[in-house]
Amino acid sequence: MKDKRLTSVVNEFDTFTTTPGESVASASNRYRIIVNNVTANGIVRTHLEYNIKFINSLGKGWRNVKSCLQSNGSLKKLKLYQLFDERQGQESNVAETLS
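Residues numbered from 1 in each chain as written. Predicted model: local features only at pLDDT ≥ 70, side-chain atom pairs only at ≥ 80, totals over all residues. Heavy atoms only, no water.

(A) Quick peek at the side chain of Glu22. Within the secondary structure, Glu22 sits in the loop between helix 1 (2-14) and helix 2 (24-40). There is a polar contact of 3.4 Å between the side chain of Glu22 and the backbone nitrogen of Ala27. At a separation of 2.8 Å, a polar atom in the side chain of Glu22 contacts the side chain of Arg30. Not counting residues within four places of it along the chain, the set of residues in contact with Glu22 comprises Ala27, Arg30 and Glu91. (Helix = DSSP H or I, 4+ residues; strand = E, 2+ residues; numbered from the N terminus. Polar contact = N/O pair within 3.5 Å; in protein donor to acceptor, adjacent residues only side chain to side chain. Contact = heavy atoms within 4.5 Å.)

Below, the structure is given as structure tokens:
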């Protein structure tokens, strides 16, 4: 039974993605639940892995932001809550570029 649960948790993490039109707040709330499940089940992921997974799950409008974060090394430095907070602050700018 434990193997089945671990498989489910890993799959949930591996397949996480945002939905079209989903806010950063909604996506980050869903992602926090998944990260908490991963941790609670003793699965070890690095800080960088969590950040990369979340930033890669964002839609096409976030390409420039993703590139900037990857090139300046911020993904290694930011805590997950900081990553969420900063993306929420950029959400209206990204939405404008898509309009």
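(B) Structural context of the pattern of salt bridges. This structure, assessed with the given rule, holds 4 salt bridges. Across the salt bridge formed by Arg87 and Glu86, the nearest N and O atoms sit 3.3 Å from each other. On the accessibility criterion, Glu86 (37% relative accessible area) is partly exposed. Through salt bridges with shared partners, a single network forms among Asp14, Arg45 and Glu49. (Salt bridge = Lys/Arg side-chain N within 4 Å of Asp/Glu carboxyl O. Buried < 20%, exposed > 50% of the residue type's maximum accessible area, 1.4 Å probe, protein only.)

(C) Fine view of the side chain of Lys53. Within the fold, Lys53 resides in helix 3 (residues 47-57). Comment: no salt bridge for buried Lys53; closest opposite-charge side chain is Asp14, at 5.8 Å. Not counting the four nearest positions on each side in its chain, Lys53 is found in contact with Phe13, Asp14, Thr15, Phe16 and Tyr31. (Lys, Arg positive; Asp, Glu negative; His and termini not counted.)

(D) Representation of the environment of Val24. Mapped onto the secondary structure, Val24 falls in helix 2. Note on Val24: relative accessible area 2%, which makes it buried. In the structure, Val24 is positioned 34 residues away from Leu58 in sequence and 8.4 Å away in space, judged by C-alpha atoms.

(E) Seen up close, the packing of aromatic side chains. Evaluated as defined, the whole model comprises 7 aromatic pairs. Both rings, one in Phe13 and one in Tyr50, keep their centres 5.7 Å apart while their planes meet at 85°; by these two values the pair is edge-to-face. Placement of the pair is Phe13 in helix 1 and Tyr50 in helix 3, with a sequence separation of 37 residues. On the basis of relative accessible area, Phe13 is assigned to the buried category, the value being 4%. By relative accessible area, Tyr50 is classed as buried at 10%. Where Phe16 meets Phe54, the ring centres are 6.4 Å apart and the plane angle is 25°; that geometry is what we call stacked. Taken together, the residues Phe16 in the loop between helix 1 and helix 2 and Phe54 in helix 3 connect sequence positions 38 residues apart. Its relative accessible area of 5% is what places Phe16 among the buried residues. On the basis of relative accessibility, which here comes to 0%, the residue Phe54 falls in the buried class. Members of the aromatic cluster, connected to one another through ring pairs, are Phe13, Phe16, Tyr31, Tyr50, Phe54 and Phe84. (Phe/Tyr/Trp six-rings, centres within 6.5 Å; stacked < 30°, edge-to-face > 60°.)

Purely geometric numbers; function is a separate question.
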